[in-house]
Amino acid sequence: MKPYLESVRRLTRVGLILFALSLVASAIVSIQYCTALYYGNVPSMTRMFSPLIAFIYAGGIVLAMDGFSFLNKRSDSDFYHSLPVSRKKLFWAISLAALTWIAATVLGSVLLTVIVFTLTKTPFVQMYALVAVPFFTIGAMMVFAACAIAMSLTGTTITGLGLTVLVCGLLRFMQFSVARGIVANTQIIAWLDLPWYLTPVTNIATGQIAQLLRPMLRQTLYSPVKMLYSAVVAVAQLLLACVLFARRHSELAERGAKNPAIQTAFACSAVIPVVMLFASGIITQRHVSIPIVIGVAVGIYLIYQIVVLRTAKKVLFSLPWLLIPLSVGIAGYFGTIGAANVMQNDLPNMQDVAYVQFGGESRGSEAISYQQYMVSKVRFTEAEVRQYAVETLRDNVATIQRSGYINYPYDEQSGYMLTTQPVTFVLNNGRRISRVLTFFNQITLLSYCEQNSDFYEAIRALPPQDAVCYLQGDDLFNGGFLENNRILSAFHEELPTTAFPASDSYRYYDPFMQYNVDDEQHFGSLTVAGYVGMTRFWDYYNIRVAMPKTASAWMRYHNNRSKGEYLELMQQMMEKSAKLVDSKDYFSISMMVYNIPMSDGTKQAISFYFDRSSYEAAAEMNDQLQPIINELAAIMQRSKPTTNPNDLCVFTNWSGRMHKEDGAFYGEEILMQQVPTNGNGMFVSGGSIYYVSDGSVIYGGLSGAITAYNPCYRTFSATDQARVIEILRQWKAVQDEYNYTVYGSKQENGPSIGDASVATKPTPAPAG
Amino acid sequence: MIKARKLTKRFGKVEALVNLNCNIPQGCIYGLVGANGAGKSTFLRLCNGIYQPDEGHISINGGEVFDNPSVKEHCVFVPDELYFLPQSNLNRMSLLYESMYPRFSMERFYELAAAFKLDRAQQLGTFSKGMRRQAATILALSAMTDYVFFDETFDGLDPVMRNLVKGMLYDDVLERGCTAVITSHSLRELEDTCDQLALLYQGGIVFESDVQNLKTSLFKMQVAFAEDYDRARFSGMEILSFVKQGSVANMIIRGDCARAKTEIGAQSPLILEILPLTLEEVFLYEMEALGYSFQAPALKGGERV
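### A look at the overall build of chain A
So, point 1. On a plain count of helices and strands, chain A comes out with 25 helices and 16 strands.
So, point 2. Seen through its principal axes, chain A has C-alpha atoms that stretch 100 × 60 × 50 Å.
So, point 3. Split into buried and exposed, the 768 residues of chain A put 45% on the buried side.
So, point 4. Nonlocal contacts in chain A, meaning residues at least 24 apart in sequence, comprise 77% of its contacts between residues at least 6 apart.

Have a look at this one:
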């Protein structure tokens, strides 16, 4: 106990510095995050505890360097080895003292982070705080143990540091290189599909670097299994370090290595990463030639050996050993290609496949949808799904072998409905094969999958409402959350009454994009974010006419935030746009009009747009449109906000920069008011709601441009409605012609806008 | 008791100690003298378990030393190059010693620090070289171990402090039966301190003796006779060195001084004088008698032949 307490005391100096730095960094990062203008989801563990990622390396190395610093100086080494304490006991005393400081620092930083998040009422995944303490402690101890091994093998700080990097990362770098080669060569195996022995994140210390290089790996890094594995590795490393420490010759102090043979071994180890870059295909021959790789390897070897061996004769005698790392490189090159070929040709038969699983195409994203999370757990035992997946795998491989890459040319008949999905085949013997497959037809795949009742439920599943932390960007503690929650509650109530999946990722793909017809017309997406256990989700729920309560709540939500639409200004600028005073003046308006009666009896939502500027491509057409647009602007002045999703209603966004004849700007008062206070153009976004930083919904820029955000859903009187429909009919005709003329788009034979007899539907009861 | 048998330690191609044998009894002050590179420090490091012998054994109280805390807790080492914790003071160092040495006495530590008039709260980095040696000595003696090893320790101390340390060492030896092993390249440094002396030469102890015996076993005699004479005239005596210039001869003789004086006095010498020998001279002559040649510069104007 006494040697341990003494070691704790001895490490106090660096321990306290690290502790203080870590706390300050954690406080800064947390406060910065929590006071940020906008964030729409709970932070990832990487984001929340980013200072501790640095601590894994800094803490581990600095504490080991300080704890075992006596090994690098003769007098210090003599003193410690003369003490009446066994070498093993001394080693464990120092290691446990370092563990104490590491755990204290991690705990302190995590607690401080949690306090900042709690005080600023910022939601976070509570499990992260519990996981973070063992996670970062184990990570730092892995680095500490690697450094302890290095310190036991060498006798100087520089060689200790160099060897630490090699001990810590050489094997993992080789593994990473091979994995990179396999990912590149197979083309159907992603980082997340690699077998456990090739996954770079099983080791949580080096995994942190891997996840910074390949962010998709982040999702799998923070798992208990990897923590357990890493803890075992850390303990094994410590045991090895203990043995080396106990056997270490005291006279090694102040010397780089025991003898030139060991020194040469270090030099060879330093060369291996370079040759592996080439071997793995990270650096392809297109970018660098083999002689250059060999040249760099020889250069590193020679520099290292000249520095440590110091005589040309010794360096020359050691040159043949360079063949070892070069051989490793050659073996790595052919080994990687060979392994990739074997893995690519690992094609199971349909009867061998017990079931397949779909990880979800956005599985590598920061936050996945809740439905994807649920689908990833579904086991598809259905013959059609298994058959389709196996056939696709074989077809993908055949295509790659034929063309060198996945190459399915556009096929008009199939509508080019390719979809890329990560698939895991679980064989009858329990073996798992994970591949990223390109399915030829996503509708076929979906129809097969829907035979599975678990899948059917999963794509309609909604996260528990108490798991939701953000709605439209408002967190639990914001007033807007309650109002948004009415929309979500209505969605929860109405979704089961429809046939729609919760997320459009799992809806049948319409090659003609006819989504805005009748009940399918959608007003926008409700952004929902939160977490279940350790899994963060980020969902978008489309608000459709088929969900009248939800849609009504959505429209009210928007209308409530639409304070002053400046419709008069819009009309003035629109009318003036017929004759621009300044070459940089412009006007642009887009209108989404809902429930437009069509010639086939349906009601559709159609987008209309009108742009005028000095550089417009079809001024003649715009001249045609100008009078009716002006008339529509006049009608807009008489329109009224509505929350009835069945009304013929319009949602308008506009912007412009317009001079009057006297040279003054239109909207001068807005510009004068906002330029001094909001010249920085800061926006606050809450879901699809945008505010200028002073809370208003219109922004005047330094250039004189005015942008209007957050319009109301507006509807018209019966008389105006008839005229609006007529205007829209003409507008669409010109618009279609414009698209055909300017963009060369295809003229479609779809329904045209019908007459004004809009079928009336009862107004739904307001939600909430 | 410290016992070394065929103790060998190599550093690469250099053999620092070769087949060294020695016994250091308990309760004495044992001096180890030798030139630079003779192996003194290596021997002390082996005694303290810092190095592992390549061959042979070294034991203290019957137990092997290397990585053996039960033996090492009886030993404390004050090396040539001292170690103190960075930015520490004596108080902090005393905590380190206390946590490692089971018999460390804080009481004694305070007493010794007061005796040496060292500020316990002052940073050791600000101490002079001598003060740092005093600090290391205080800490070592406060550990209350049975064996204390000093490597060239007295070299950096002023005469007053040297005497103070010696006094403390004597007290420890007399009161606690402690054993002190002191190395130095200067015999003069050791001759009035040690009970036993050993000479280390080229990795081996070539000579080991009780200091008192050593000083009385050899004597120098200057004689002159009227008639011509040579070494054969004194054939009954064990003469280690015979140097004659003119009619005067200087002899280094081993044996009973009074008897030799009587025997030569009976031969009516013109001159008969017994001259004192320094310990250094005793060592040199004993070594020469053993056949070791140091190829040292000629003594006394080329007298030695």
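### Description of the packing of helix α7 (residues 126–153) of chain A against helix α11 (residues 224–247) of chain A
Residues and elements named next belong to chain A.
So, point 1. It is at 8 Å that the axes of α7 and α11 come closest, and there the two elements cross at 25°. Our classification of the angle between α7 and α11 gives roughly parallel. Relative to α11, the crossing made by α7 is left-handed. Residues Pro 134, Phe 135, Ile 138, Gly 139, Met 141, Met 142, Ala 145, Ala 146, Ala 148, Ile 149, Ser 152 and Leu 153 of α7 form the contact with α11, whose own contacting residues are Met 227, Ser 230, Ala 231, Val 233, Ala 234, Gln 237, Leu 238, Leu 240, Ala 241, Leu 244 and Phe 245.
So, point 2. Residues belonging to the contact of α7 with α11 are distributed by class as follows: 19 nonpolar, four polar and no charged.

### A word on unusual backbone geometry
Residues and elements named next belong to chain A.
So, point 1. Despite not being glycine, Asn 595 shows a phi value in the positive range, around 60°.
So, point 2. Here Asn 595 is to be found in strand β8 (residues 586–597).
So, point 3. Since 23 C-beta atoms lie within 10 Å of it, Asn 595 is described here as buried.

### Here we look at the domain arrangement of chain B
All names here are of chain B.
So, point 1. Examined at the domain level, chain B breaks down into domain 1 (2–202) and domain 2 (214–290).
So, point 2. Here the C-alpha centroids of domain 1 and domain 2 sit 39 Å apart.
So, point 3. The partner domain 2 presents five residues to the five residues of domain 1 that form the contact.
So, point 4. Those elements that provide at least two residues to the side of domain 1 that touches domain 2 are α7 (187–191) and β9 (196–201).
So, point 5. Considering every element that reaches the side of domain 1 that touches domain 2, the biggest residue donor is α7, with three residues.
So, point 6. In terms of residue class, the side of domain 1 that touches domain 2 is made up of three nonpolar, no polar and two charged.

### Structural notes on the domain arrangement of chain A
So, point 1. Structurally, chain A comprises domain 1 (2–256), domain 2 (259–332), domain 3 (350–458), domain 4 (471–555) and domain 5 (565–743).
So, point 2. Taking only C-alpha atoms into account, the centre of domain 2 of chain A sits 44 Å from that of domain 3 of chain A.

### Here we look at the packing of helix α12 (residues 260–280) of chain A against helix α13 (residues 290–309) of chain A
Residue and element names in this part refer to chain A.
So, point 1. Contact pair α12 / α13: the axes reach a minimum separation of 9 Å and the direction vectors enclose 155°. In terms of orientation, α12 and α13 fall into the roughly antiparallel class. Crossing geometry of α12 relative to α13 is assigned as right-handed. Within the contact between the two elements, α12 uses Pro 260, Gln 263, Ala 267, Ala 270, Val 271, Val 274, Val 275 and Phe 278 and α13 uses Val 293, Val 296, Ala 297, Ile 300, Tyr 301, Tyr 304, Gln 305, Val 308 and Leu 309.
So, point 2. Partitioning the contact of α12 with α13 into residue classes produces 15 nonpolar, two polar and no charged.

### Let's talk about the sheet that holds strand β2 (residues 419–427) of chain A
Residues and elements named next belong to chain A.
So, point 1. Read across the sheet, three strands follow the order β1-β2-β3 without closing on themselves; strand pairing throughout is antiparallel. Strands at the two margins of the open sheet, each flanked by one partner only, are β1 (353–358) and β3 (432–439). Direction aside, neighbouring strands of the sheet carry axes that sit 30° apart on average.
So, point 2. Two elements, β1 and β2, share five bridges in a ladder whose sense is antiparallel. The residue of β2 that forms the bridge with Tyr 355 is Val 426.
So, point 3. Across the face of the sheet, helix α17 (residues 383–403) comes into contact with β1, β2 and β3 while running at roughly 80° to β3.

### Remarks on the interface of chain A and chain B
So, point 1. Listed per partner, the contact involves 21 residues of chain A and 21 residues of chain B.
So, point 2. Secondary-structure elements contributing two or more residues to the side of chain A that touches chain B are α1 (2–10) and α5 (74–82) of chain A.
So, point 3. Take the side of chain A that touches chain B: its biggest share by element is seven residues, from α5(A).
So, point 4. Of the residues belonging to the side of chain A that touches chain B, the class tally is seven nonpolar, five polar and nine charged.

### Brief notes about helix α21 (residues 548–561) of chain A
Because an α-helix packs 3.6 residues into every turn, residues spaced three or four apart end up facing the same way.
All names here are of chain A.
So, point 1. With 14 residues, α21 extends 20 Å from end C-alpha to end C-alpha; this agrees with the ideal 20 Å at 1.5 Å per step.
So, point 2. Extensive coverage of α21 is indicated by the burial of 10 of its 14 residues.
So, point 3. Of all the positions in α21, only Pro 548, Lys 549, Thr 550, Ala 551, Ser 552, Ala 553, Trp 554, Met 555, Arg 556 and Tyr 557 are classed as buried.
So, point 4. The inward-facing, buried residues of α21 contact α20 (479–494), β6 (522–532), β7 (535–544) and β16 (713–715).

Reading the values: rules and limits
Residues numbered from 1 in each chain as written. Chains lettered and ligands numbered in written order. Predicted model: local features only at pLDDT ≥ 70, side-chain atom pairs only at ≥ 80, totals over all residues. Helix = DSSP H or I, 4+ residues; strand = E, 2+ residues; numbered from the N terminus. Buried ≥ 20, exposed ≤ 12 C-beta atoms within 10 Å, placed from the backbone. Contact = placed C-beta atoms within 7 Å. Axes fitted to C-alpha atoms, helices over the stretch in contact; angles between N-to-C directions. Parallel < 35°, antiparallel > 145°, perpendicular 65-115°, else oblique. Left-handed = near helix turned anticlockwise from the far one by under 90°. Nonpolar A, V, L, I, M, F, W, Y, C, P; charged D, E, K, R; others polar. Domains from an automatic or database assignment. Pairing = 2+ DSSP bridges. Expected span 1.5 Å × (residues − 1).

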